[in-house]
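Secondary and tertiary structure notes
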Amino acid sequence: MLTGLVHAGRTVLPVGQQAARYCWIFDCIRVYVAARADGSCLALLVENNPGAEMNRVKETLEAFVNPPEPEASLDGQALEGTGDAKVT
């Protein structure tokens, strides 16, 4: 179901070289989709409930569309993984 909605979103709301976020609302669920300019997509299936943690959903979508810059290590290389310091 989510894959179909992502593909439908790309057809109806083409992203091109820009990031986009959209939402489909059904009786019991909401489907949030974030699409990055590189073609990667994230779909979240959320209960259609006014008490849901919408701020957390929005933060997750924003972090996916605009990921934070990786931290640089002491030798100028980007750190990956758990955030542990890399000593060279």
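Here's a quick rundown of the structure. (Residues numbered from 1 in each chain as written. Predicted model: local features only at pLDDT ≥ 70, side-chain atom pairs only at ≥ 80, totals over all residues. Heavy atoms only, no water.)

Across its full length, the protein chain carries 2 helices and 3 strands. Ordering the α and β elements of the protein chain from the N terminus gives α-β-β-β-α. Counting across all 88 residues of the protein chain, residues that qualify as buried make up 20%. Put simply, of all contacts in the protein chain between residues at least 6 apart along the chain, 28% involve residues at least 24 apart. Here the protein chain displays about 6500 Å² of accessible surface, and carbon together with sulfur accounts for 53% of that area. (Helix = DSSP H or I, 4+ residues; strand = E, 2+ residues; numbered from the N terminus. Buried < 20%, exposed > 50% of the residue type's maximum accessible area, 1.4 Å probe, protein only. Contact = heavy atoms within 4.5 Å. Areas by Shrake-Rupley, 256 points an atom, 1.4 Å probe, with all protein chains shown as cover.)

Within the largest apolar cluster, 8 residues are counted, these being Tyr-32, Ala-34, Leu-44, Val-46, Val-57, Leu-61, Phe-64 and Val-65. For this core, the secondary structure elements donating two or more residues are strand E2 (29-35), strand E3 (41-47) and helix H2 (54-65). A total of 4 residues in this core trace back to one element, the largest contributor, which is H2. Setting aside chain neighbours within four positions, we find Phe-64 in contact with Ala-34, Arg-36, Ser-40, Cys-41 and Leu-42. (Core = buried A, V, L, I, M, F, W, Y, C linked by side-chain atoms within 4.5 Å.)

A few words now on H2. Here H2 contains 12 residues, and its C-alpha end-to-end distance of 17 Å stays within 8% of the 16 Å for a straight helix at 1.5 Å per residue. Listed in full, the buried residues belonging to H2 are Val-57, Leu-61, Phe-64 and Val-65. Each buried residue of H2 lies within a common arc of 95 degrees when the element is viewed along its axis, so the set occupies one face. Turned more than 90 degrees away from the buried face of H2, the exposed residues are Asn-55 and Arg-56. Buried residues along H2 sit in contact with strand E1 (20-25), E2 and E3. (Expected span 1.5 Å × (residues − 1). Arc of directions from axis to C-beta.)

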